[in-house]
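For reference, the chains in residue letters:
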Amino acid sequence: MYFRLFALQGSWNYETLLGTGIGFVMEPALRLLPGGIKGEAYRSALARESRYFNAHPYLAGVAVGALTRAELDGVDPVRIERFRTALAGPLGSVGDRLVWASWLPFCSLVAIGVYGAGGSALSVVGTFLLLYNAGHFLLRAWGLRIGLSRGLNVASALGNPVLRQGPDYIGRAAALMGGVALPLGLQRIAGPGRALAGGIIGAALIGILLLARLRERAEGWRIALGVLAVFVLYSVLT
Amino acid sequence: MSLAEALPIGLLGALLGLDVVSFPQAMISRPIVAATLAGAFIGNPPAGLLIGVVLEMIALDTLPFGASRYPEWGSASVVGGSLFAAQAPSMPGALPATLLAALLTASISGWSMVVLRRTIALRLERVRDRLEDGSRDSLLSLHLTGMSLDLLRGALVTITAMLIFSPLVRAIVAVWGSESAASRAVVVVIAAIVAGGALWKVFHSVRHILWFFLAGLLVWSATLVMNQ
């Protein structure tokens, strides 16, 4: 099941979101139900677990483990359905905050910092992949283990300090790292020569302030695309 | 660039595009990794790394939250890394023109993910009754088809982008009129603004966050002074 977790989102779609993926991951364990894959218990459990579900993919192991334990223990299907509904929201929001909005940007900034400090391609890529996936693989393994061991009582595991306070600590570390890594990285990209350095810093600060004020109303990458297109057009025509 | 030349790069784009959502989400699709791998594939990893870092800074703005629509950076970074690694480093227009190609590819590739998700939903509708009966074969078929289609999507996006942008970037670089330092500076400013804005967007609710960022800047300034 652990290895199947990495392919959890293979059939992600706008109807069932992660649902069919949850069924796909749990399928090997459900073969242990009475009657095996020809049995009624297997078929109804597989159908139930393949319905709509949403969670952060790395924390979905918590649900997979807990639901597997519940199915194998013969828990009432109505209770399992209620549990699925209740668990989906928290697993999504906790995972989004911890992974997408904290761990991933932090690891990116560390890698940019290694680049800025003069790191080679191998050291930058190696640092990023090792650091990021240490957290990634551990989180998936922890989720599956805690789900399998606690079954439907797994909700208390979401109170784990790493899940609750982790995003704040990682966020602060990322901000600190951003202050060091971004200028270091940009310095290396800009190359030697300080003639334009003042202009670059000034323009960047003004731009960041403007973008920070716009926050949710504008997507920075779209603005970047537009500005870059205009600059390329200008450079081609002049 | 011929189709035969684009095919191996397309395969790399397919594998890294698959990593974005379907398998294994180990972030080998992040620009800093994918563009470097593409650069290494062409024989110039430092060039791939350089554009990978620029794209990584811009990608900080688009985190892959659930069902939200976002650019697909895996295949786009392969396109960016390959195109930039194939240019002469002294050409002033190489970085801006390649970056534009990569951003356009990311945007189109993000749209292709929406199409893929709708296609899987349509297939799901066709087998819904069998899934409700607990059919193992239907579930496995749906899941593996989804992953195969995602692989195909990444390959098609990468190959198409390479065939379109390879001659286009070469043509742009050949007639480029802005000077080298200014061209590099524009890219650096854009990356700095997007990355800085993204960090603020993601972390502004964390207490004392600005102080931590300023402390980081102080560390950077200290290293700058010490190195002079």
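Keep in mind the model is a prediction, meaning the values are calculated, not measured.

Cut-off values and rules
- Residues numbered from 1 in each chain as written.
- Chains lettered and ligands numbered in written order.
- Predicted model: local features only at pLDDT ≥ 70, side-chain atom pairs only at ≥ 80, totals over all residues.
- Helix = DSSP H or I, 4+ residues; strand = E, 2+ residues; numbered from the N terminus.
- Buried ≥ 20, exposed ≤ 12 C-beta atoms within 10 Å, placed from the backbone.
- Contact = placed C-beta atoms within 7 Å.
- Nonpolar A, V, L, I, M, F, W, Y, C, P; charged D, E, K, R; others polar.
- Domains from an automatic or database assignment.
- Expected span 1.5 Å × (residues − 1).
- Bend = angle between axes of the 7 residues up to and from the residue.
- Axes fitted to C-alpha atoms, helices over the stretch in contact; angles between N-to-C directions.
- Parallel < 35°, antiparallel > 145°, perpendicular 65-115°, else oblique.
- Left-handed = near helix turned anticlockwise from the far one by under 90°.

Asks: Teacher, can you tell me more about the environment of A:A60 here?
Replies: Residue and element names in this part refer to chain A. Its place among the elements puts A60 in helix α4 (residues 60-72). The class for A60 is buried, based on 28 C-beta atoms found within 10 Å. As for A60 and L18, which are separated by 42 residues in sequence, their C-alpha atoms are 8.9 Å apart. Apart from residues lying up to four places away in sequence, A60 is in contact with L8, L18, I22, A55 and L91.

Asks: Looking at this model, I keep getting lost on the interface of chain B and chain A. Mind explaining?
Replies: A common way to express how large an interface is: the accessible area buried when the components associate. Counting residues at the interface gives 89 residues for chain B and 86 residues for chain A. Where the side of chain B that touches chain A is concerned, the elements lending two or more residues are α2 (31-42), α3 (45-59), α5 (94-132), α6 (136-174), α7 (180-203) and α8 (209-227) of chain B. The element that contributes the greatest number of residues to the side of chain B that touches chain A is α7(B), accounting for 21 residues. Among the residues making up the side of chain B that touches chain A, the classes are represented as 63 nonpolar, 16 polar and 10 charged.

Asks: What's the story with the domain arrangement of chain A in this structure? I'm lost.
Replies: What the domain assignment reports for chain A is domain 1 (2-192) and domain 2 (197-238). Computed from C-alpha atoms alone, the centre-to-centre distance between domain 1 of chain A and domain 2 of chain A is 34 Å.

Asks: Please clarify how α2(B) should be interpreted in this entry.
Replies: Given 3.6 residues per turn, any residue in an α-helix points the same way as the ones three and four places further on. Between its first and last C-alpha atoms α2(B) spans 16 Å; for 12 residues at 1.5 Å apiece the expected length is 16 Å, and the two agree. Counting buried positions over the 12 residues of α2(B) gives 10, a clear majority of the element. Every buried residue belonging to α2(B) is among B:P31, B:I32, B:V33, B:A34, B:A35, B:T36, B:L37, B:A38, B:G39 and B:A40, and all of these are buried. Where α2(B) is buried, its residues touch α5 (77-116) and α6 (121-150) of chain A together with α1 (3-21), α3 and α4 (73-85) of chain B. Residue B:G43 follows α2(B) closely and has a positive phi angle near 105°.

Asks: Before we go on, may I ask you to explain α6(A) in this structure?
Replies: Residues and elements named next belong to chain A. With 30 residues, α6 extends 43 Å between its outermost C-alpha atoms, agreeing within 8% with the 44 Å of an ideal straight helix rising 1.5 Å per residue. The principal kink in α6, of about 25°, is found at N133. Where α6 terminates, the next one or two residues include G151, which has phi positive at roughly 60°.

Asks: Can you help me understand the environment of B:G80 in this one?
Replies: All names here are of chain B. Examined against the element boundaries, G80 turns out to sit in helix α4. Classification of G80 by C-beta neighbours within 10 Å gives buried; the count is 33. The spatial distance from the C-alpha of G80 to the C-alpha of T105 is 8.7 Å, given a sequence separation of 25 residues. Excluding residues that lie within four positions of it along the chain, G80 makes contacts with A35, I51, L55, T98, L99, A101 and A102.

Asks: Can you help me understand the packing of α1(B) against α6(B) in this one?
Replies: Each pair of packed helices can be summarised by the angle the axes make with each other and by the distance between the axes. Residues and elements named next belong to chain B. At a minimum axis separation of 7 Å, α1 and α6 run at an interaxial angle of 135°. On the basis of the axis angle, α1 is oblique to α6. Where α1 crosses over α6, the two elements pack in a sense that is right-handed. Here α1 contributes A6, L7, I9, G10, L11, G13, A14, G17 and L18 to the contact with α6, which in turn contributes D150, L151, R153, G154, A155, V157, T158, I159, M162 and L163. A per-class count over the contact of α1 with α6 returns 12 nonpolar, five polar and two charged.

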